[in-house]
Amino acid sequence: MDISTTVLLVVICVLSNSCATGLNFKSRFAQYVKNYLRQGTMATINFINEGTKHFEEEPRDEKNILQEYDFIIVGAGSAGCVLANRLSEVSNWKVLLIEAGGKENFVMDIPLVVSPLQLSEANWKYKTEPNGNTCLAMKNGQCTLPRGKVMGGSSTINYMIYTRGNRHDYDHWEKLGNPGWSYKDVLPHFLKLENMTIAELSKDEQFHSTKGELPISYAPYHTPLAGAFLEAGKEMGHKVVDYNGETQMGFSLVQATIKNGTRWSASRAFLHPIRNRKNLHVMKWSLVTRILLDPFTKTAYGVEFFRDNKLHVVHAKKEVIISAGAVNSPQLLMLSGIGPRPHLNDMGITTVKDLPVGYNLMDHIGVMSIHFIVNESVALRTSDLIGTGKFIEFMAHRTGPFSIPGAAEGISFHDSKNPHESNGNPDLELMLFSSNMAAESTLRETLGVKENVYDTVYKPIENVHAWSGVPIVLKPKSRGRIMLKSKNPHDKPRIYLDFFEDKSDIEMLLKGVKRILELAKTRAFQKYGSRLHDIPTPGCEHLPPGSDNYWRCVLRHFAFPIWHLSGTCKMGPGAVVDSRLKVHGVKRLRVIDASIMPELPAAHTNVPTMMIAEKGAEFIKQDWELGNI
């Protein structure tokens, strides 16, 4: 067994938690890898040493916290990391950032390694409640909903795809009663975050910046399928575009939050550089269980949190800011008495403020089961990567297949109503993954596919090369809801999301399937002999193959939320927070994360969430400077 094989096997073992090692780099298994690799190449030793050094640069886990801070931020995810950075810029403000998870691990730097991360303890491992209408090919009829429980939050375990959304999205937010959220208002905040390292794009100063903390680049390596994707787009009459530039419509390679071939999480971008700021404390492995509220003045004055098997209390002099994400933020508000009165009554919780918390749950909808077999070795397969020196190549030069973010190589945006309008409003996204369910050994577990379904449909193609076309509904009309399971903060909330409740969503996804089928028929993909893997999905065999009804059946079995959960603490009049992200009717309490989105943008939500935090930090500074509290 060569060095790269050993490293990968142990990495997967550690990340899938099958070694009982968790995420501690200094665990005995990780230490074993380090010792073993010292017998190998200098590239390997340097990779491990760099990884160790990198995660020693993470802000320390503060043991001796103060009794009171000016600001308490709950959640060190994409929003919380940005907020902690921006608020601690004010040297006389004391800021506490509380995270339920622990430190990042060096293997999280490897862009291709995504699925194993989602099987680790860095994931909250949420699932939808079964509804009998969707997720039918998944175990117990439940789709998985990965959420980061680690420094950097979901930016540490996601697919690193960098998309801002469309100008129409944010103009619509403003029209819904949220002044200051139009495209012209949010673009400067996107630019403030961004460090565009793609040379030809960085020249466009209207739409890109090189001054922010978050590096954006293409993967340094691409399979031949990436080029075929762009050529196929041209054949279909589309342009190759910068989808974060003037127009979103067209085809592109994936822009990703990676630098020099490695993942760049929110923690790495916004916390590591300020780890020595004296006015910022970070607490890890600490679960906030309740917001402290004065029931008479309806004012937030601190939080209660669980750490080391004990309950603790810390006070906030100025504000409590909830940045725990679209699942945990509404859960925490409801546990604290802010939410729908009937539901809180059912849970035995006294209502402090009756608000529609937990409603308006949204997610983009996609399907990852449309695979195309090719007759050349151009796709990614685990069996081809382990034991071939590809991992050594990555460790030495940060390139090769392991530098591709989650095997995602191509992306395109489409307006189905105005297909030839360059400034259209996209409602459909198509993605190219240069791999497939059978080629990635942990993906079926990440998605929760039933064993009998996998054995029937995918096991037959384990030894062939195949790519995946993933259509995504960008403007879903279906809505779900987050509800408490009990008033015990350690119980995971119930997540209700029938994403085909509105029939227009399945019809839009069906349009996406047809676009993918057209894509595969282009000369660019036929060069590799692309043909649909057409073993019928169990439960759909009775329907005519390739018919609309057959595909609708497949979608009810395999479609899944794309893990862009949002909207559950909606921003707007009569919603949960106002346009400055203050909770309606509660003083000194804000929610700043993806849960405040009134409508989903046509974007993977990681960076839009950072933009929300950037604006939120600006609001806070303005309000306290002007005394508008």
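About the cut-offs
Residues numbered from 1 in each chain as written. Predicted model: local features only at pLDDT ≥ 70, side-chain atom pairs only at ≥ 80, totals over all residues. Heavy atoms only, no water. Helix = DSSP H or I, 4+ residues; strand = E, 2+ residues; numbered from the N terminus. Rg over C-alpha atoms; globule rule 2.2 N^0.38 Å. Buried < 20%, exposed > 50% of the residue type's maximum accessible area, 1.4 Å probe, protein only. Pairing = 2+ DSSP bridges. Disulfide = S-S within 2.5 Å. Expected span 1.5 Å × (residues − 1). Contact = heavy atoms within 4.5 Å. pLDDT = per-residue confidence, 0-100. Salt bridge = Lys/Arg side-chain N within 4 Å of Asp/Glu carboxyl O. Axes fitted to C-alpha atoms, helices over the stretch in contact; angles between N-to-C directions. Left-handed = near helix turned anticlockwise from the far one by under 90°. Nonpolar A, V, L, I, M, F, W, Y, C, P; charged D, E, K, R; others polar. Polar contact = N/O pair within 3.5 Å; in protein donor to acceptor, adjacent residues only side chain to side chain.

**Quick word on the overall build of the chain**
Summing up its helical and strand segments, the chain has 19 helices and 25 strands in all. Relative to the compact-globule value of 25 Å for 629 residues, the chain shows a C-alpha radius of gyration of 23 Å, a close match. Across its three principal axes, the chain shows a C-alpha extent of roughly 70 × 60 × 50 Å. Relative to its 629 residues, the chain shows a buried fraction of 64%.

**A look at the pairing of strand 1 (residues 68–74)**
Where burial is concerned, most of strand 1 is hidden: six out of the seven residues are buried. For strand 1 and strand 2 (residues 95–98), the ladder comprises four bridges, and the chain directions are parallel. Looking across to strand 2, one finds that Ile 72 is bridged to Leu 96.

**Looking at the pairing of strand 7 (residues 250–253)**
Side chains Gly 250 and Ser 252 of strand 7 all project onto a buried face; the interleaved residues Phe 251 and Leu 253 project onto the opposite face, where all are buried too. As judged from the four bridges shared by strand 7 and strand 18 (residues 408–414), these two strands associate in the antiparallel manner. Following the sheet pairing, Phe 251 is matched in strand 18 by Ser 412.

**Considerations on the state of the cysteines**
Summed over all chains, the structure comprises two disulfides. Between Cys 540 and Cys 553 runs a disulfide, and the two sulfur atoms are separated by 2.0 Å. Handedness here is read from the sign of the S-S torsion; for Cys 540 and Cys 553, about -85 degrees, the answer is left-handed. Here Cys 553 lies in helix 18 (residues 548–558) and Cys 540 lies in the loop between strand 23 (531–532) and helix 18, a separation of 13 residues in the sequence. Taking the relative accessible area as the measure of exposure, Cys 540 reaches 0% and is therefore buried. Residue classification places Cys 553 among the buried positions, given a relative accessible area of 12%. Left unpaired, Cys 569 is separated from the closest cysteine sulfur, that of Cys 81, by 19 Å.

**So, helix 19 (residues 606–626)**
Between its first and last C-alpha atoms helix 19 spans 31 Å; for 21 residues at 1.5 Å apiece the expected length is 30 Å, and the two agree. The buried count for helix 19 comes to 16 of 21 residues, which makes it a mostly enclosed element. Phi for Gly 627, located one or two positions after helix 19, is positive at around 75 degrees.

**Considerations on helix 6 (residues 183–193)**
Buried within helix 6 are the following residues: Tyr 183, Val 186, Leu 187, His 189, Phe 190, Leu 191 and Leu 193. Looking at the buried positions of helix 6, the neighbouring elements they touch are helix 4 (78–87), helix 5 (167–175), strand 5 (194–196), strand 6 (214–216), helix 9 (266–270) and helix 19.

**Points about the confidence of the model for the chain**
For the chain, the average pLDDT comes to 92, and 92% of its residues sit at 70 or higher. Scored below 50 in pLDDT, residues 1–6 makes 20 contacts in the model with residues more than four places away or belonging to other chains. Below a pLDDT of 50 lies the segment residues 14–29, which in the model reaches 37 contacts outside its immediate sequence neighbourhood of four places, other chains included.

**Regarding unusual backbone geometry**
Peptide bonds are trans in most cases, and residues, glycine excluded, mostly fall at negative phi. Positive phi outside glycine occurs at Asn 309, with the angle close to 65 degrees. With respect to the helices and strands, Asn 309 occurs in the loop between strand 12 (299–307) and strand 13 (310–322). Judged by relative accessible area, Asn 309 falls into the exposed class, the value being 69%.

**Focus on the pattern of salt bridges**
Within the structure shown, the criterion is met by 31 salt bridges. Linking Lys 582 and Asp 623 is a salt bridge whose minimum nitrogen-to-oxygen distance equals 3.6 Å. In this pair, Lys 582 sits in the loop between strand 24 (560–561) and strand 25 (589–591) while Asp 623 sits in helix 19, placing the two residues 41 residues apart along the sequence.

**Thoughts on the packing of helix 4 against helix 19**
Contact geometry for helix 4 and helix 19: axes closest at 8 Å, N-to-C directions at 35 degrees. Read as a crossing pair, helix 4 and helix 19 show a hand that is right-handed. Here helix 4 contributes Ser 78, Ala 79, Val 82, Leu 83, Arg 86 and Leu 87 to the contact with helix 19, which in turn contributes Asn 606, Thr 609, Met 610, Ala 613, Glu 614, Gly 616, Ala 617, Ile 620 and Lys 621. Split into classes, the residues belonging to the contact of helix 4 with helix 19 amount to eight nonpolar, four polar and three charged.

**Comments concerning the environment of Arg 590**
Along the chain, Arg 590 falls in strand 25. For Arg 590, a relative accessible area of 0% puts it in the buried group. With 517 residues separating them along the chain, Arg 590 and Ile 73 place their C-alpha atoms 9.7 Å apart. Setting aside residues no more than four positions away along its own chain, Arg 590 makes contact with Glu 319, Val 320, Ile 321, Ile 322, Arg 580, Leu 581, Lys 582, Val 583, Phe 619, Ile 620, Asp 623 and Ile 629. In terms of polar contacts, Arg 590 uses its side chain to reach the side chain of Glu 319, at 2.7 Å. Of note is the side chain of Arg 590, whose polar atom sits 2.9 Å from the backbone oxygen of Arg 580.

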